[in-house]
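# Topology and contacts: notes
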Amino acid sequence: MKNKIGVALLASLVTTTGFAEEKQNEWSGTGELGFVLSNGNTDTQTVTSKIDAVRDGEEWRQHVTLSGSGKSDSNVRTAEKYFAEGKLDRKLSDHYYLFGLTNYEKDRFSGFDHQANISAGFGRRALEDETMTLDIELGLGVRFSETDAGDKEDDPVLRFAGDFNWEISENSTFQQTLSVDAGDEGSVYKSLTSLKAQVTDDISLKASFEAKHTTDVPVGSKNTDTTTSLSLAYEF
């Protein structure tokens, strides 16, 4: 029963990303494989993989992220984390849109059996020029969580997010994303900073730093997790 929320959210993700529109573009994105050094609830070296895909149409934009990581030392699992997210944007104009988002995270070393979010709201492209874009979003949602001890919590949240992209040169790009899910029972802050350098037309080298801070965590767990990674990315 404890995975019913996760199953429902993943089913919603599939439904969301299966939405069709008449003049839809093809999927594009990156697949990554890299080495990670983690500090926080997980202090270990591990291997991670990630798929990040976007389909951008005239009226709708779909975004899917899937990632997983894990490591075993002497046949003992020391790191195991999975994340899935689906997002659907309904474009209102060149600069305004509505969004719906659902995600699910399972991290065996966080003190939580799982954490999940469903949210919806309003987005605006606040900056767009030849080399830079900035999207900001504000919405409402619900955060679902269950600790390893079986304590369940459903908490309404106010969501704020930002996504900044900068094409530094023809061969290098910088990205900074931030999100805050603030609720009465605690807040979750996430930051992802990445720098990508193109090696060939399809292959790039990517360095990233990810931080997650949870204000209310189970006893014995740390509030902040950080992940520093260097990976090879294949673009499709």
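A brief report on the enclosed structure follows. This is a predicted model, so every value here is computed, not measured.

So, how was this worked out
Residues numbered from 1 in each chain as written. Predicted model: local features only at pLDDT ≥ 70, side-chain atom pairs only at ≥ 80, totals over all residues. Heavy atoms only, no water. Helix = DSSP H or I, 4+ residues; strand = E, 2+ residues; numbered from the N terminus. Buried < 20%, exposed > 50% of the residue type's maximum accessible area, 1.4 Å probe, protein only. Contact = heavy atoms within 4.5 Å. Areas by Shrake-Rupley, 256 points an atom, 1.4 Å probe, with all protein chains shown as cover. Pairing = 2+ DSSP bridges. Phe/Tyr/Trp six-rings, centres within 6.5 Å; stacked < 30°, edge-to-face > 60°. Lys NZ or Arg CZ within 6 Å of the ring centre and 35° of its normal. Salt bridge = Lys/Arg side-chain N within 4 Å of Asp/Glu carboxyl O. Polar contact = N/O pair within 3.5 Å; in protein donor to acceptor, adjacent residues only side chain to side chain.

Attention shifts here to the overall build of the chain. Assigned secondary structure in the chain consists of 1 helix and 12 strands. From first element to last, N terminus to C terminus, the chain shows the α and β order α-β-β-β-β-β-β-β-β-β-β-β-β. Buried residues in the chain amount to 40% of all 236 residues. In the chain, once contacts between residues fewer than 6 apart in sequence are set aside, the share between residues at least 24 apart is 51%. When the accessible surface of the chain is totalled, it reaches about 13,000 Å², and 57% of it is carbon and sulfur.

All right, on to the pairing of strand S5 (residues 96–107) then. One ladder, built from 11 bridges, connects strand S4 (residues 76–91) with S5; its direction is antiparallel. Note on S5: the bridge partner recorded for Lys-87 is Leu-101. Sheet analysis places S5 next to strand S6 (residues 112–128), joined by 10 bridges and oriented antiparallel. Opposite Thr-102, over in S6, you have Ile-118 as the bridge partner. In sequence, S5 turns back onto S6 through a hairpin of 4 residues, with Gly-111 there showing a positive phi of about 90°.

Applying the stated criterion across every chain yields a total of 2 aromatic pairs. The ring of Tyr-97 carries Arg-61 above its face, with NZ or CZ at 5.3 Å from the centroid. For the cation-ring pair, Arg-90 lies above Trp-60, with the distance from its terminal atom to the ring centre recorded as 5.3 Å.

A complete count under the given rule lists 15 salt bridges for this structure. Glu-59 is paired through a salt bridge with Arg-90; the nearest N and O atoms lie 3.8 Å apart. Taken together, the positions of Glu-59 in the loop between strand S2 (44–56) and strand S3 (60–73) and Arg-90 in strand S4 put the pair 31 residues apart, joining distant regions of the chain. For Glu-59, a relative accessible area of 40% translates into the label partly exposed. Asp-135 is the salt-bridge partner of Arg-125, the closest N and O atoms lying 2.7 Å from each other. One end of the pair, Arg-125, is in strand S6; the other, Asp-135, is in strand S7 (residues 132–147), with 10 residues separating them in the sequence. Residue classification places Arg-125 among the partly exposed positions, given a relative accessible area of 21%. Asp-135 gets classed as buried once you look at its relative accessible area, which sits at 12%. One continuous salt-bridge network, built from bridges that share partners, spans Arg-61, Lys-87, Asp-89 and Glu-137.

In this section: the pairing of strand S8 (residues 152–169). In the sheet, S7 pairs with S8 via 15 bridges, with the strands oriented antiparallel. Its bridge partner lying in S8, Gly-139 is registered against Arg-159. Counted along the chain from S7 to the antiparallel partner S8, the turn is 4 residues long, and its residue Gly-150 has a positive phi close to 95°. Direction of pairing for S8 relative to strand S9 (residues 172–183): antiparallel, over a ladder of 12 bridges. The residue of S9 that forms the bridge with Glu-167 is Thr-173. From the end of S8 to the start of S9, which pair antiparallel, there are 2 residues.

To continue, consider the side chain of Lys-206. Checked against the element boundaries, Lys-206 lands in strand S11 (residues 203–214). Lys-206 gets classed as buried once you look at its relative accessible area, which sits at 12%. A distance of 2.9 Å separates polar atoms of two side chains, one belonging to Lys-206 and the other to Glu-32. Beyond its immediate chain neighbours, meaning those up to four positions away, Lys-206 contacts Glu-32, Ser-194, Leu-195, Lys-196, Ser-229, Leu-230 and Ser-231.

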